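Geometric and topological summary
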Amino acid sequence: MSHYATSCKILKVQNLTPQLRQYWQGFVDETPNLASPYFELEFADLMASVRRDTRVAVFYRNGVPAGFLPFQKSLSGFFRPLGGPMGDHHGLIADNEALRFSETLKKRLFGTLIFDGGLASQDDIRNNGHSPEASWVIDLADGYEAYWEGRQKAEAKALRNLRARERKLDALGGEVVYRIDDPRTVALDTLLHYKRAQYAATGATDVFHGSWARNLAYALLGHRTDRLAGCLSTMEVDGRIVAAHFGMRSKGVMHFWFPAYDPALSQVAPGLLLFRELTRGIADLGPTQMHLGPGTYDFKKRFSNSSFDIMRGEISSLSLPSATLAAGRGIKQLANALPLGPISTWPEKAWRRLDTLTAVRGI
């Protein structure tokens, strides 16, 4: 069987036919590496409901649907993964990870598809990507107790610190209530308040600056099917929410997404205590894995017990955006070659910052 896509159509998600939708869901069900909620058709439907630039490239092999690649179509010519800056994982939705689709896509896409979090297990993502990085996973297939026993052996210091924080919380007094699947809109209001304040305090890009991102969060909170659901978890002390996490789940995976807490209680690490309860209650919701996403955060390394590789890269046709990207890469390489010290990283950081800002605004 040929591993090459022979044709491609670019469609709005809402224009996918029932037959194409059946193929999409079948590919997800047959492919373990597509277990993340990011690859569910229902997530693409929700994105299409909050952003008019949501598209999907449909690839055919000898007239038969062979794969789907959802993305955000940018007016600038720089196209981004589904969900833009909220998209931690991205890739081809197909039952064959060896399917070559990039050359066919270039003929239909006048611009550059920038991916960040592409599945390195897929041949064309790997071939068009740069160095791989780990995306961290908590595997709870053997149960909550077995997971924490493993963390105790591997990260005894981190577990001692967690117990110490719990003792500090007990010393403060007050009734503590955890809700693992909290449907309250007011609780999501609180989470967004904490998270946006955190972005402002740290100088990080506020991904909820665009109304589409806030609309997506509320749409997910109300979305409840076996294939996809938003999941808001909260921790209250004497009736006041002091920590919250908002993620989404598929049948087998909870995606750890937006944690936040009241900084006035930072000494007891309420976010970490809520995280522990989330690992305890996740099995009741169905998933046996929690995807933490990429990053060098100490928290992710200490509490994960598995990982998979993802890639940053791009697929470019001959266009002004691709030439701009190549020029930017040349500046980065020049800066790295010169004896500039720490400032050699400035061009790359500036480019990534600009890319994130334009993605947040859907430009």
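Residues numbered from 1 in each chain as written. Predicted model: local features only at pLDDT ≥ 70, side-chain atom pairs only at ≥ 80, totals over all residues. Heavy atoms only, no water.

A word on the side chain of E40
- Within the secondary structure layout, E40 lies in the loop between α1 (18-30) and α2 (41-50).
- Taking relative accessible area as the criterion, E40 reaches 4% and is therefore assigned buried.
- If we ignore the near neighbours within four places in the chain, the residues touching E40 are W24, V28, R227 and S250. (Helix = DSSP H or I, 4+ residues; strand = E, 2+ residues; numbered from the N terminus. Buried < 20%, exposed > 50% of the residue type's maximum accessible area, 1.4 Å probe, protein only. Contact = heavy atoms within 4.5 Å.)

Considerations on the pairing of strand β12 (residues 306-316)
- Alignment of strand β5 (residues 112-119) against β12, held across 7 bridges, turns out to be antiparallel. The residue bridging D116 from the neighbouring strand is R312, located in β12.
- Taken together, the 5 bridges between strand β6 (residues 133-139) and β12 define a ladder with antiparallel strand orientation. Paired with E133 across the two strands is I310, which belongs to β12. (Pairing = 2+ DSSP bridges.)

With respect to the pattern of salt bridges
- Going through the model one piece at a time under the given rule, you end up with 20 salt bridges.
- Across the pair D262 and R240 runs a salt bridge whose closest N-O atoms are separated by 2.5 Å. Highlighted residues: D262 in the loop between β10 (253-261) and α9 (270-285) and R240 in strand β9 (residues 240-249), separated in sequence by 22 residues.
- Taking the shortest distance from any N to any O, the salt bridge between E277 and R280 comes out at 3.1 Å. Here the residue E277 and the residue R280 both occupy positions in helix α9, the gap between them amounting to 3 residues, near one helical turn.
- Using a relative accessible area of 12% as the deciding quantity, one classes E277 as buried.
- The exposure class of R280 is partly exposed, given its relative accessible area of 40%.
- Connected through salt bridges with shared partners, the residues E166, R276, E277 and R280 form a single ionic network. (Salt bridge = Lys/Arg side-chain N within 4 Å of Asp/Glu carboxyl O.)

Quick look at the confidence of the model for the protein chain
- Averaged over all residues, the pLDDT of the protein chain is 89; the fraction at 70 or higher stands at 87%.
- Below pLDDT 50 for its whole length, residues 319-323 participates in 10 contacts with residues either more than four positions away or in separate chains. (pLDDT = per-residue confidence, 0-100.)

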